[in-house]
Amino acid sequence: KSILTVSAAAWIAGTPIAAHFFGRVTPGGFFANLLIMPMATLNVICGALGIITSFFSRWLALHLNNLSALVADNMKTLSFITAEIPFASWETRKWTVAECLLWYAAAFVFAMRFLKSRRGWLYERTPPLNPDGSARTVRGRGERASRPRE
């Protein structure tokens, strides 16, 4: 669920920018991001480890940096492949700033209505636990707490 949320957020945020500056809309970017985001994580990890290991092992740093470059090249290739899929990307006239702001306003309204209807869709909700680890029941609105019977 998390990678879908991040991919959707990246696509929603990036669409007006790409349309404004490049005159291009890429709905296929949503699906490409599902693969590119884990690859980007691996790329950053390999690059950071390559820098750290360069202080004590040139051989290991070289291989980590080469792996980072390979992952980056595969990310670029995946982007090009996605752009060639029919209807995954198309040209449009360049959006005005007002159209971009309208896009963001509509996305905000949709997100607020969606989140309100889902009541915490973005958050993992776990029931409160008793000290013994069992799930505690939570009263709904308007319910009165009943006293335990002795």
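Just above, that's the structure.
Residues numbered from 1 in each chain as written. Predicted model: local features only at pLDDT ≥ 70, side-chain atom pairs only at ≥ 80, totals over all residues. Heavy atoms only, no water.

Engineer: Looking at this model, I keep getting lost on the layout of surface pockets. Mind explaining?
Structural biologist: By rolling a water-sized probe across the atoms, one finds the places where empty space is left. The volume enclosed by the second largest pocket comes to roughly 220 Å³. Lining the second largest pocket are 14 residues, and of these T26, G29, S79, T82 and A83 lie nearest its centre. Secondary structure elements with two or more residues in the lining of the second largest pocket: α2 (28-53) and α3 (58-84). Tallied by class, residues from the lining of the second largest pocket come to five nonpolar, seven polar and two charged. (1 Å grid on protein atoms, 1.4 Å probe; cavity = no way out; pocket = protein on both sides within 12 Å on 5 of 7 lines; lining within 4 Å. Points joined across faces, edges and corners; volume = space filled by probe spheres on them. Helix = DSSP H or I, 4+ residues; strand = E, 2+ residues; numbered from the N terminus. Nonpolar A, V, L, I, M, F, W, Y, C, P; charged D, E, K, R; others polar.)

Engineer: Would you mind showing me how to read the nonpolar core here?
Structural biologist: Inside soluble globular proteins, nonpolar side chains tend to come together where they are buried. With five residues, the main nonpolar core is built from A32, I36, V71, M75 and L78. For this core, the elements supplying multiple residues, two or more each, are α2 and α3. Apart from residues lying up to four places away in sequence, I36 is in contact with M75, L78 and S79. (Core = buried A, V, L, I, M, F, W, Y, C linked by side-chain atoms within 4.5 Å. Buried < 20%, exposed > 50% of the residue type's maximum accessible area, 1.4 Å probe, protein only. Contact = heavy atoms within 4.5 Å.)

Engineer: Sorry, what's going on with helix α1 (residues 2-22) here?
Structural biologist: Since the α-helix turns once every 3.6 residues, residues separated by three or four places project in the same direction. For α1, built from 21 residues, the straight-helix expectation of 30 Å at 1.5 Å per residue is met to within 8% by its first-to-last C-alpha distance of 29 Å. At G14, α1 shows its strongest bend, of approximately 30°, with the proline P16 following within four residues. Within α1, the full set of buried residues consists of S7, T15, P16, A18 and A19. Looking one or two residues beyond α1, the residue adopting positive phi is G23, at roughly 65°. (Expected span 1.5 Å × (residues − 1). Bend = angle between axes of the 7 residues up to and from the residue.)

Engineer: Please clarify how the side chain of S57 should be interpreted in this entry.
Structural biologist: Assignment of secondary structure puts S57 in the loop between α2 and α3. A relative accessible area of 19% means that S57 is categorised as buried. Polar contacts involving the side chain of S57 include one to the main-chain amide nitrogen of L60, which spans 3.2 Å. (Polar contact = N/O pair within 3.5 Å; in protein donor to acceptor, adjacent residues only side chain to side chain.)

Engineer: I keep staring at the packing of α2 against α3 and nothing clicks. Help me out?
Structural biologist: Angle between the axes and distance between the axes: these two values describe a pair of packed helices. One can describe the packing of α2 onto α3 by two numbers: an axis separation of 8 Å at closest approach and a directional angle of 165°. Comparing the axis directions of α2 and α3 gives the class roughly antiparallel. For the element pair α2 and α3, the recorded crossing hand is left-handed. Split by residue class, the contact of α2 with α3 holds 16 nonpolar, 11 polar and no charged. (Axes fitted to C-alpha atoms, helices over the stretch in contact; angles between N-to-C directions. Parallel < 35°, antiparallel > 145°, perpendicular 65-115°, else oblique. Left-handed = near helix turned anticlockwise from the far one by under 90°.)

Engineer: What is the right way to look at the environment of L70 in this model?
Structural biologist: With respect to the helices and strands, L70 occurs in helix α3. Judged by relative accessible area, L70 falls into the partly exposed class, the value being 47%. L70 sits 27 residues away from N43 along the chain, and the two C-alpha atoms are 8.7 Å apart.

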